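Structural features, examined
Spelled out from the first residue to the last, the chains are:
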Amino acid sequence: MKLQFDANQSYQLEAISSIVKIFEGQPSDGSVFQVVSTTSSQQQSRLFQESIVGNSLLIADEQIAENVHAVQLSQGIAETATVSRPFTMGESIIGGPDHIGEGTWLEHGRNFTVEMETGTGKTYVYLRTIHELHKTYDFKKFIIVVPSVAIREGVLKSLKITKEHFDDLYNKPEMNFFVWDSKKRNQAKQFAVNNTLQIMVINIDSFTKNENIMRQGSDWGVPLEYIKATQPIVILDEPQNMETAIRKTAIADLNPLCTLRYSATHKNYYNLLYKLDPVKAYDLGLVKKIEVDSVVSTKAYNDAHVKLLKVDHKNKSLPIAHIEVDRGDESGLQRKVLKVEPGDDLERLTRREIYAGYVVDEISAAERYVTFANHIKLTAGEENQALQDEVLKYQIRRTIEDHFEKELRFHDRGIKVLSLFFVDSVANYRQYLETGDVQKGKFALWFEEIFNEVSQRSEYKNLIPFTAEEVHNGYFAQDKNGIWKDSKDVRGEGAKAKDDESAYHLIMQAKEKLLDAQQPLRFIFSHSALREGWDNPNVFQICTLREMSKELERRQTIGRGLRLPVDQSGQRIYNSSINVLTVIANESYEDFARKLQTELEEQTGVTFGEGRIKEKPKQRSVKLRKNVTLNEDFKELWDQIKHKTRYHVSFDTNELISKALSIIDDEVIIRPPKIVSSVAMLTMDKSGISGNQLSSKAVAVERDFPIPDVLSKISAHTGLTRKTIFEILDRSELLDYIPDNPQQVIDELTRVIKVVMEELNVDGIKYEKTGEAWEMQRFENEELNGYLFDEASKQGLVAVDSDKTTHEYVSVDSDIERNYLKSLEDNRDVRFYCKLPGWFKIDTPLGGYNPDWAVVFQNDQRVYFVSETKAENTLSGVHLTDSEKRKIKSARRHFDMLGVPFIAPTNSFQDTLEKI
């Protein structure tokens, strides 16, 4: 089959035009020029004796700046903040020409950014942009710089399959495209001297170092010098991966006439000219919709649950592992996240014998794994539990079943379905034994077992006329002996990129073959070779048999399946009922959606709701109703609650000691200090020497430490007497741990005492009026702002069409509050109510507290009360924190002193009425 390309996609034409218009005013002749020698080197003199055909910019940067502004205006993009400034001859511009003459230049040099969502034809757009620039201005020399082998192979494949299409559009221009091969250094010379359209594709790491062949001399010259002489237009594919200082410098060394930057996930915007973000792509139907099939276990706590969530390594500190375990607290056994270091013992931290042997041995920041003394190793996202294999196997089953269902639906439409599995290691798919034999891993065995079962169902029989062995294959990096191995996301760096090359070649060269329904392959297993740079329009299922722990990794992973599908004639399918990508994930769909949404919201500034993407709401002012301060109901209500108070506290020391001992027994574990051995890989570049930590190990220190005045330090933090502190230390046996780690004893006991004092302070609190009051005038003086109520977040402003309250809109932050508001409006006996403003705060030992509602209720006699709407019940799944409970308890004492009922917590107006 042959892929068909639509030359009239308006969004693609806009992206192309945004770049072409940069150079409006540039004549279409004068591209051929003779470079004059500027060096006495015999080698370089030989270079400059030849005619170098390059790009020549014949318009001033001031004109480019005007053109850029015009494009940004037409696209609704904010103008570049500073488009020009004085420029000194010889000043260096990263990613642009070294010298452009004195005068002015663009804020980011001649760097121009195009953002296009994954799957919308980014590569097609910049390849066609090359042809447009050649046709319009006779620019001939272009270099496409990529960060990885995967992307390089994808670009090469795109150049091949679009050639006929572009030949038809541009009258068969004489063109040569190639991938830079260090064994063929003469490519650079041919690139420079040929008077035809030249496109070089090169990996960034092929010219970042002095020892690269690109920078080495030969009997005819230095390849890089030939390239620089052409002033090429440089295109960066995925430029966010080329933002380091050494890579920026390498790009500048190409002496680009300009640099065009294309990605869906830019780290920095340099003169943004076109933006097709996920929101716009979704709304235009340019990518598949996404659904999540979550496969998770729900079980009793009968096994040692240990899950490595992530490894932190910030600011040159030691790696810290975030591990999920089951640990008991005052509410019973709970799932908790512990931050652990090498040497930490999970049995001691959880106080559960089931964790015996789980002593942290090594934490690797580079590889994101943790090993324990019992030889168990967990990578990020992996968990050790009895049902783990069952979860993974069921994910495979759901993927196969969904695949067959879509094959059945799409069969008559001529659409082949592909499914993609991301696995944690090659060994789970293919095992290489020491004897030299090769056998299937558990994933392959499970797949074939399930495939054979599902394929025999009556509705699917003969739907896929191939055996289980024929329909699946793995695409992994392999060594020189052809043995698959775990590939890392090396992005084309050094020797590891060569290891991955075979995997990339195999999958890239088979794009059309994979789309042919007569080819058996339908299920693809990979480690990370397909994470970036590869996609196929007919991937309808992505099964993550590994954790997507990074948000960017999550977006890249699903990006492999976002492209719209094609049928057997190569025609693109635009049918929203067909264009759905199913992600089979080992996490809840809520978690998956939340993590993906968070990234998209941060990058695009939109919010999601009700199954589609919508614009972020605009903030609006909330007006006070006219003459509300003259309302007698409001004035009487305010007179009841306006009084400010101060509090006094007292507590019993023996009770404090008793409660502190109880918490220490439940929570406090003192760890001895450790000696940590850290291994780091040193890297050297022009900026200096730096180290990247790879792993760490630790042993406990067994020696006596200088003992500080523990009693005085704790007393200074808490205000308790030394006698009371000593009694707590003695009775809790923490005295025995002071030699192991005196500072930790100080920190832990200080924390415990403060927690207990907060609780006892509230129990013994008493309020009295200060003689001051909150002024009603503040309602008029302080304007309120907010957003209209959003069904997704259950927060925002709700309009009220009555004179029973102070404002035209009332702010609520949950469905409970919205329902409460409706009841206040509907109940005929409610004369007046007020959502108390944020400045109405009651002083408590835990800080200021702001109640929710103040209400005038008219029945046989007038009743004034204040309420706090909270969902304090197990059915709602929402519980008050200890801090909230203590603040509410303090507020109750405040209102008791004022003689105003305080109903808290309450989850409905009916509940409030019953408690008055």
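Quick note: structure is the one above.
The present account deals with the structure reproduced in this document.

Here is what the cut-offs are and how they apply
Residues numbered from 1 in each chain as written. Predicted model: local features only at pLDDT ≥ 70, side-chain atom pairs only at ≥ 80, totals over all residues. Heavy atoms only, no water. Helix = DSSP H or I, 4+ residues; strand = E, 2+ residues; numbered from the N terminus. Buried < 20%, exposed > 50% of the residue type's maximum accessible area, 1.4 Å probe, protein only. Contact = heavy atoms within 4.5 Å. Salt bridge = Lys/Arg side-chain N within 4 Å of Asp/Glu carboxyl O. Pairing = 2+ DSSP bridges. Axes fitted to C-alpha atoms, helices over the stretch in contact; angles between N-to-C directions.

Attention shifts here to the overall build of the chain. If you tally the helices and strands in the chain, you get 26 helices and 40 strands. For the chain, with 916 residues in total, the buried portion stands at 51%. The long-range share in the chain, meaning contacts at least 24 apart out of those at least 6 apart in sequence, stands at 69%.

Moving on, we come to the pattern of salt bridges. All told, the structure shown has 35 salt bridges when counted by the stated rule. Close ionic contact of Lys275 with Glu115 constitutes a salt bridge, the shortest N to O distance being 3.0 Å. Of this pair, Lys275 sits in strand E9 (residues 272-276) while Glu115 sits in strand E3 (residues 111-116); the two residues are 160 residues apart in sequence, bridging distant segments of the chain. The exposure class of Lys275 is partly exposed, given its relative accessible area of 25%. For Glu115, a relative accessible area of 2% gives the class buried. Glu238 is the partner of Lys122 in a salt bridge, and the nearest nitrogen-oxygen pair spans 2.8 Å. Of this pair, Lys122 sits in helix H4 (residues 122-137) while Glu238 sits in the loop between strand E7 (233-237) and helix H8 (245-252), placing them 116 residues apart in sequence. The class of Lys122 is buried, set by a relative accessible area of 13%.

On to the environment of His527. In this structure, His527 sits in the loop between strand E24 (523-526) and strand E25 (539-545). Considering only alpha carbons, one finds His527 and Val426, 101 residues apart in sequence, at a separation of 6.9 Å.

Here we take up the sheet that holds strand E40 (residues 902-906). Taken in spatial order, the four strands make up an open sheet running E37-E38-E39-E40, and their pairing is mixed. Bordering the open sheet on either side are strand E37 (830-835) and E40, each of which pairs with just one other strand. With direction set aside, neighbouring strand axes in the sheet form an average angle of 20°. Both strand E39 (residues 862-869) and E40 contribute to a ladder of three bridges, which runs parallel. Counted as the bridge partner of Val866 is Phe902 from E40. Sheet strands in contact with helix H25 (residues 882-898) are E39 and E40, and its direction is about 160° off that of E40.

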